[in-house]
Every structure is written in structure tokens, then in C-alpha cells.
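Listed here are the chains, written in short residue letters.
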Amino acid sequence: MLYQRSSALFKAAQEVIPGGVNSPVRAFNAVGGTPIFAKSAKGAYVYDEDGNRFIDYINSWGPMLLGHAFPPVVDAVVEKTKQGTSFGMPTAIETEIAELAVSMVPNIDKIRFVNSGTEACMSAIRLARGYTKRDKIIKFSGCYHGHSDSFLIAAGSGAVTFGTPNSPGVTEGTAKDTLLARYNDLDNVKTLVEGNKDEIAAIIIEPVAGNMGCIPPVDGFLEGLRALCDAHNILLIFDEVMTGFRLAKGGVQELMQVDADIVCFGKVVGGGLPVGAFAARNEIMNHLAPLGPVYQAGTLSGNPLAIAAGLAMLKSIHADADLMTRLEAKTKYLHEGMAQALDKNNVTYTINRIGSMISVHFAETAVTDFDSAAEGNNETFKAFFHGMLDRGIYIAPSAFETWFITDALSYEDLNETIAAVEDIAKTL
Ligand SMILES: *Cc1c(COP(=O)(O)O)cnc(C)c1O
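Residues numbered from 1 in each chain as written. Predicted model: local features only at pLDDT ≥ 70, side-chain atom pairs only at ≥ 80, totals over all residues. Heavy atoms only, no water.

## Topic: the site of the ligand
Next up, step 1: The environment of the ligand is formed by S116, G117, T118, Y144, H145, G146, E206, N211, D239, V241, M242 and K267.
Next up, step 2: Y144 is positioned with one of its backbone polar atoms (N or O) 3.1 Å from a nitrogen atom of the ligand.
Next up, step 3: Side-chain polar atom of N211 to an oxygen atom of the ligand: 3.2 Å apart, as the coordinates give it.
Next up, step 4: For the ligand, whose accessible area on its own is 380 Å², the fraction buried by protein is 83%. (Near = heavy atom within 4 Å. Polar contact = N/O pair within 3.5 Å; in protein donor to acceptor, adjacent residues only side chain to side chain. Areas by Shrake-Rupley, 256 points an atom, 1.4 Å probe, with all protein chains shown as cover.)

## Observations concerning the sheet that holds strand β5 (residues 136–140)
Next up, step 1: Strand order in the open sheet formed by seven strands is β4-β10-β9-β8-β7-β5-β6, and the pairing between neighbours is mixed. Pairing within the sheet leaves two strands with one partner each, and these edge strands are β4 (110–114) and β6 (178–181). Ignoring which end each strand starts from, the neighbouring axes of this sheet average 20 degrees apart.
Next up, step 2: The pairing of strand β9 (residues 262–265) with strand β10 (residues 276–280) spans four bridges and is antiparallel. Its bridge partner lying in β10, I262 is registered against A280.
Next up, step 3: Contacts from helix α8 (residues 221–232) reach β5, β7 (200–205) and β8 (235–239) within the one sheet, and its direction differs from that of β8 by about 145 degrees. (Pairing = 2+ DSSP bridges. Helix = DSSP H or I, 4+ residues; strand = E, 2+ residues; numbered from the N terminus. Axes fitted to C-alpha atoms, helices over the stretch in contact; angles between N-to-C directions. Contact = heavy atoms within 4.5 Å.)

## Brief notes about the sheet that holds strand β14 (residues 403–404)
Next up, step 1: The strand order across the open sheet formed by three strands is β11-β12-β14, and the pairing between neighbours is antiparallel. Each end of this open sheet is capped by a strand with a single partner; those strands are β11 (350–354) and β14.
Next up, step 2: Inspection of the sheet shows strand β12 (residues 357–361) paired to β14 by two bridges, in the antiparallel sense. Within the sheet, the bridge partner assigned to I358 lies in β14 and is W403.

## Some points on the packing of aromatic side chains
Each aromatic ring pair is described using two quantities: the centre-to-centre distance and the angle formed by the ring planes.
Next up, step 1: Overall, the coordinates contain twelve aromatic pairs when judged by the stated rule.
Next up, step 2: When the ring of Y333 is compared with that of Y411, the centres are 5.0 Å apart and the planes differ by 80 degrees; the resulting orientation is edge-to-face. On the criterion of sequence distance, the pair formed by Y333 in helix α12 (residues 323–344) and Y411 in helix α15 (residues 411–425) is long-range, its members being 78 residues apart.
Next up, step 3: With a relative accessible area of 31%, Y333 lands in the partly exposed category.
Next up, step 4: You can call Y411 partly exposed: its relative accessible area is 37%. (Phe/Tyr/Trp six-rings, centres within 6.5 Å; stacked < 30°, edge-to-face > 60°. Buried < 20%, exposed > 50% of the residue type's maximum accessible area, 1.4 Å probe, protein only.)

## Re the nonpolar core
Next up, step 1: Residues F140, F245 and I317 are the most contacted members of the largest nonpolar core, which totals 72 residues.
Next up, step 2: Of the residues forming this core, the biggest block, nine residues, is contributed by helix α11 (residues 304–319).
Next up, step 3: Excluding residues that lie within four positions of it along the chain, I317 makes contacts with L65, L66, M104, F245, K249, V268, L323 and M324.
Next up, step 4: Residues A44, A339, I351 and I395 belong to the second largest nonpolar core, which totals 41 residues. (Core = buried A, V, L, I, M, F, W, Y, C linked by side-chain atoms within 4.5 Å.)

## What to know about the side chain of D407
Next up, step 1: You can see D407 is positioned in the loop between β14 and α15.
Next up, step 2: The exposure class assigned to D407 is buried, which follows from its relative accessible area of 18%.
Next up, step 3: Separated by 2.9 Å, the side chains of D407 and R326 make a polar contact.
Next up, step 4: Non-local contacts of D407, meaning those with residues more than four positions away in its chain, are made with L65, L66, L323, R326, L327 and K330.

## Structural notes on the pattern of salt bridges
Next up, step 1: Scanning all chains against the criterion turns up 23 salt bridges.
Next up, step 2: For D407, the salt bridge identified is with K330, shortest N-O distance 3.5 Å. Of the two residues, D407 sits in the loop between β14 and α15 while K330 sits in helix α12, which places them 77 residues apart along the sequence.
Next up, step 3: For K330, a relative accessible area of 8% translates into the label buried.
Next up, step 4: One salt-bridge network, in which partners are shared between bridges, spans R226, D230, D261, R281 and E283. (Salt bridge = Lys/Arg side-chain N within 4 Å of Asp/Glu carboxyl O.)

## Topic: the pairing of β11
Next up, step 1: Most of β11 is tucked away: four of the five residues are buried.
Next up, step 2: Pairing geometry for β11 and β12, over five bridges, is antiparallel. Each bridged residue has a counterpart across the sheet, and for R353 the counterpart in β12 is I358.
Next up, step 3: Between β11 and the antiparallel strand that follows it, β12, lie two residues; G355 among them carries a positive phi value of about 55 degrees.

## Points about the packing of helix α7 (residues 186–195) against α8
When two helices pack together, you describe them by how their axes are tilted relative to each other and by the distance separating the axes.
Next up, step 1: Where α7 contacts α8, the axes come no closer than 10 Å and their chain directions differ by 15 degrees. In terms of axis orientation, α7 runs roughly parallel to α8. Relative to α8, the crossing made by α7 is right-handed. Contact residues: L186, V189, K190, V193 and E194 in α7; F221, G224, L225, L228 and H232 in α8.
Next up, step 2: Its residues placed into classes, the contact of α7 with α8 shows six nonpolar, two polar and two charged. (Parallel < 35°, antiparallel > 145°, perpendicular 65-115°, else oblique. Left-handed = near helix turned anticlockwise from the far one by under 90°. Nonpolar A, V, L, I, M, F, W, Y, C, P; charged D, E, K, R; others polar.)

## Here's the deal with the pairing of β7
Next up, step 1: Burial analysis of β7 places six of its six residues in the buried class, which makes it a mostly covered element.
Next up, step 2: The sheet contact formed by β7 and β8 spans four bridges and is parallel. Paired with I205 across the two strands is F238, which belongs to β8.
Next up, step 3: Following the chain from β7 across α8 to the adjacent parallel β8, one finds a crossover that is right-handed. (Right-handed = clockwise from strand over helix to strand, strands pointing away.)

## Comments concerning the domain arrangement of the protein chain
Next up, step 1: The domain boundaries assigned to the protein chain delineate domain 1 (4–69 + 321–425) and domain 2 (71–319).
Next up, step 2: Summarising the inter-unit geometry, the C-alpha centres of domain 1 and domain 2 are found 25 Å apart.
Next up, step 3: Every contact between the two is made by 37 residues of domain 1 and, on the other side, 38 residues of domain 2.
Next up, step 4: Taking both partners together, domain 1 and domain 2 bury about 2900 Å²; carbon and sulfur atoms supply 70% of that area.
Next up, step 5: On inspection of domain 1 and its partner domain 2, the count reaches two salt bridges.
Next up, step 6: Across the pair R182 and D369 runs a salt bridge, and its minimum N-O distance is 3.2 Å.
Next up, step 7: Taken together, the links from domain 1 to domain 2 amount to eleven residue pairs in polar contact (both at pLDDT 80 or more).
Next up, step 8: At the level of elements, α12, β11, β12 and α13 (370–374) are the ones that each hand at least two residues to the side of domain 1 that touches domain 2.
Next up, step 9: Residue composition of the side of domain 1 that touches domain 2, by class: 22 nonpolar, ten polar and five charged. (Domains from an automatic or database assignment. Buried area = accessible area lost by both parts, 1.4 Å probe.)

This is the structure:
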């Protein structure tokens, strides 16, 4: 494939945008080469500025669960735009999406819409701190909760890829209130809780991790966290920015039958426009301004275009009885096909999968936490990534990312992907 226009565009971008990208995960630092500039996308495919077509396994890093340029979303946005793009006043459609979200997600009474997953998580811990009147939080190594200061401590994917697990600019004062635990290690969390009695406001977790590759919780882990939080009056926050409306219509709370106290959303909930949200029961949510003292606001929060996109997306998901089954079947098919291709060629690998999330790790041992994810062979990943790209398959340019399976993928697309893996496996 030729990337002449992408190369020229990247050169120009680097002059005026730091690193040529508006989010570091889009750069190819971890794999080498030049980022591809997207021109358009439809269904399962993204087309670049050079006219190349790729089967897309990033899908805007999650939102495009139903494929690119999904007609109900596009139509909703186009229609809304004609009526004005922002008012800074409440609109009927905000109540409509809130009602639908509250009906789909277990254990929540109210939901507040914001503009990104970062904002949702940042606001969720402020609310948790305001509610519990405690300062400290526990997060897990390798989990990403957006780029607000409190979370940029061993933050997974982007941050790890760029070798800055703890970002400069985060003050020591902020960092000291974030305690780090090991994913899937309940005893480790217990020790932290015991050592900081009555000081911990919240435990925040990706209930299925997706920012160190895809790592599901081991049996009993989420239930254990729930019990620990109940015993110590700590709020359990599920960051479902990646998993919400994806792994089940009600997210991981529904899938694994564990209740969280606050849930964060992003990605799918906006259908490809900038939307985030956080939600909880009344008892907690009523602490938020203007009802309560915990302040949180946004000029463009609940923006009609973004909400129109999100509402069209949620309605489509809600109405589709077989969606989750189809997504899981496609992901399983891809898993089995890739495993066969890699086995045949004696490649060392581990594949993790749940629902429509899947990740390939070039590691010998099970990948269950950040350390085991980091064991993967990055040289093999680089060769794999570029091999896939050259064969028209676009996966995330980092070994610490999950792949996102979209309903727009056909079995032909999956077969083409498996054939590419088989072809590359011979060279790994
Ligand atoms: C993407 C992501 C975020 C951040 O969302 P942005 O919209 O990029 O700010 C937070 N948490 C998780 C689990 C994510 O995957």
C-alpha cells in the first residue's frame, strides 16, 4: 500500500499540532511508521487519504458498535443540525436519552451527560469524594479513566505506550490521594483498604479492562470488591466508558450481576459524537449541583447534535434483540480463526476475549493484569501490526489496546482478516 498523501499530511500536521495528532494514541510511536489519515468510513471499512481501504478493528476506539456512518445516527444529526446546534438551555431530547439510559442500565436513577469519558470519570470521583467526605481513591494499574490528574498514575494503553506511566504536571499532592492496586488481585485491594481505614472514597475500575488489552475480571473479583466496599462504606465506581452498551445493553453490571454505586459512560453512548455520562442512584446523584453541593457543569453538555447521535445509537441497540449474540459470535469466529492460524505457524500468543472485545498478546503466560500484559513481545506485535496494515486490516497501533468488533463486519471480512493473520504468522 502507498501512504504518500498520509505522509505529506502528517508532515504538515507536525508543524502545527504536537506530534501531528490531537490524541497521542493516534500516533504510531509504539509501532513506527506514519499515522494514516482517514478520509471517510462506511460500515466496517475506513478509507484513507491515499484511497486505501481498511477493515477497521478500532472503530474510533469503541463508539462505532454498529459500523461507521450508521444511517439512523447520521440522519438524526443532520436533522437536528438544521434546528440549531447549541442553545445552553435544556432540551426535550436530553430527557429522552436519560429515560432510555436509565431503563437500560441496572441500578441507576439519574444520569448526567458530559462531553467525554474523561469528564465522566473526573466528575464521578468528585461526586464520590463529596458524598463520602473522604479524599483517597483506589485505581488499578493498567486501567485508564481518562486524562484528568488523579488518574494519570499507571494509566494503561496510551500512557504506557508512551513510557510516561506517571505524567509530569500531576502534582505530588494529587498523586498521593490515588492508591494503586493490581487488577484481579483482591488481597492487594484489601491490604490497601485496611491500611487506609476510613480514608477511601471510592474504588474505580474498568469492570472488564480494555486499556491493557482486553482483560476480563477473574471469578469473584468484582463480587469481592463489592463486598469490600460495602464493609467499609466505600463507593464502587464502574468505568464503563468502553464496556457500557457494548458487553450487554446494561453493561457489565448486567453481564456479571454486580452493582456499582456510580457508573461512567462514553464512547458508544455518543454514537461517534463527543458524549460522556455518569449515573447513580438518587441518594448519590442528588448531591450534584444544582440539587446538592458537588459542582459539575458544561457549556456544551447535552449538546443537541451529540445527544441526537447518542439517542439514535441507544435506540438501535435497545431495539435489536440479537445484537449482543451476533457480536459475540463474530468475535468468537475471529478468535478461533486467528488461533488456528497462529498455532499452525508455532507463534507464541495469548488471546483474551469477551463479548465484542478481543486482544492478541504475543505472550507465553495468561494475561490477567498489567504486568502480564507487559510481558508481551513488542517486536512481534510491531511486525504483526504492520503486516496487518499492509494487508488492509487496521488494528490499534499498540499492544495495550483491545480490538473492537462491530456489527457491520461480515463473515467475509472476518475470513479476510484470518487469512491475513495466517499469511503474517508465517513470518513471525
Ligand atoms: C476511552 C476511555 C476513557 C476516556 O474517555 P475519553 O472520551 O477519551 O475522554 C475513560 N475510561 C475508559 C475505560 C476508556 O476506555
